[in-house]
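Overview (structure and organization)
Given next are the chains, with one letter for each unit.
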Amino acid sequence: MDDLDQRLNTLITEVRQQPPNSRKWRLFMHRLLLEIQRLPGLAKSSHPDYPAALNRTFKWISKNISRFEPYSGSVVESLVKWINSYLYRRIQDLSLPKKNVPLSLDAPIASDFGEITLLDKLPNFTLSGLDGLIEISQRETTQRIGLELELYIEQDPERKLKNSYPSSSVQCNCQFLSQRLVLIEPPDKVADIARELSIPYTTVNSHWKRKCKPILQKIAEDLGYKQEQSL
């Protein structure tokens, strides 16, 4: 078993041993997803919505990794084929006609009673119902962006997070603080982090609020998070 096979096997084992959504489960799952992103042979697409298909696949992996079993001596080969069996279908979905084309409720349409609107044809469709649909859509979007943000924190591709730290402690960087204060539920206490790093509470708290949170807010907005919402 080569090094990559060993790393994957170890991470999968660790994930399975932790209670779902616990701190350690999330930590090992994030590390596993980062390894998966770099796997050779993972299905790709130039479609602009490919990231959405990949995110759906990540969620599927998180829910079903306990079912994965290598069918050969290569964990990498088995894992890629297992993931691609789902990812290929999500990529194919991207080419299907859009089933939910947005419609204007005020658009005029013909009827036996003259010109009416789509809203007129929905007598039981209340404003609260519309608000509910909007809320569901916004929640799904927020969940997608949340996953992308979590993966960004773990990967930190531009080192925006890791390169931001107080002069007294390189380890107290924004990536480390984000992992402890954002990625786990419940989050660690700032006071506990300060004791762990042997630096003042005010240093950790100030850097988190003045530097890290604005960086995360900007990253989230770049991913599509609405500015009026706060982290």
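Everything below is about the structure printed above this text.
An account of the accompanying structure is given in this report. Everything quoted here is computed from the prediction, not taken from an experiment.

Observations concerning the nonpolar core
Counting residues in each nonpolar core, the largest one holds 30 residues, and the members touching the most others are Leu 32, Ile 36, Ile 61, Ile 65, Leu 79 and Trp 82. Elements represented by at least two residues in this core include exactly α1 (3–17), α2 (23–37), α3 (50–64) and α4 (75–93). Residue contributions to this core peak at nine residues, all from α4. Those residues in contact with Ile 36 that sit more than four places away from it in its chain are Leu 42, Phe 58, Ile 61, Leu 79 and Ile 83. By size, the runner-up hydrophobic cluster in this structure holds 21 residues, among which are Ile 153, Ile 193, Ala 194 and Leu 216.

What about the environment of Lys 44?
For Lys 44, the location among the structural elements is in the loop between α2 and α3. C-alpha separation for the pair Lys 44 and Ile 91, spaced 47 residues apart in sequence, amounts to 8.3 Å. Once residues lying within four places of it in the same chain are set aside, the contact partners of Lys 44 are Gln 37, Tyr 50 and Ile 91.

Observations regarding the packing of α1 against α2
Where α1 meets α2, the axes come as close as 9 Å, and the angle between the chain directions of the two elements is 150°. The pairing of α1 with α2 is recorded here as roughly antiparallel in orientation. Viewed along their axes, α1 and α2 form a crossing whose handedness is left-handed. In this structure, α1 uses Leu 4, Arg 7, Leu 8, Leu 11, Ile 12, Glu 14 and Val 15 to contact α2, whose residues at the interface are Trp 25, Phe 28, Met 29, Arg 31, Leu 32 and Glu 35. By residue class, the composition of the contact of α1 with α2 is nine nonpolar, no polar and four charged.

Basis of the calculations
Residue indices begin from 1 for each chain and proceed along its sequence in written order. Per-residue local features of the predicted model are confined to residues with pLDDT of at least 70, and side-chain atom pairs are confined, for both listing and counting, to 80 or more; whole-chain, interface and lining totals are unaffected and use all residues. Only hydrogens and water are removed before side-chain values are computed, so all heavy atoms of the structure are retained for them. To define a nonpolar core, start from buried Ala, Val, Leu, Ile, Met, Phe, Trp, Tyr and Cys residues and group those joined through side-chain atoms within 4.5 Å. Here's how the labels work: a residue is buried when its accessible area is under 20% of the maximum for its type, exposed when over 50%, partly exposed in between, all with a 1.4 Å probe on protein chains only. In this description a helix means any DSSP run of H or I spanning at least four residues, a strand means any run of E spanning at least two, and both kinds are numbered starting from the N terminus. Contact criterion: two residues are considered in contact whenever any of their non-hydrogen atoms come within 4.5 Å of each other. With axes taken as lines fitted to C-alpha atoms, and helix axes fitted only over the stretch in contact, angles between N-to-C directions fall between 0 and 180 degrees. Note that the term roughly parallel is reserved for angles under 35 degrees, roughly antiparallel for angles over 145, roughly perpendicular for angles of 65 to 115, and oblique for everything else. Whether a crossing is left-handed or right-handed is set by the direction in which the near helix is turned from the far one by less than a right angle, anticlockwise for left-handed and clockwise for right-handed. Following the grouping adopted for this structure description, the nonpolar residues are Ala, Val, Leu, Ile, Met, Phe, Trp, Tyr, Cys and Pro, the charged ones are Asp, Glu, Lys and Arg, and the polar ones are all others, Gly among them.

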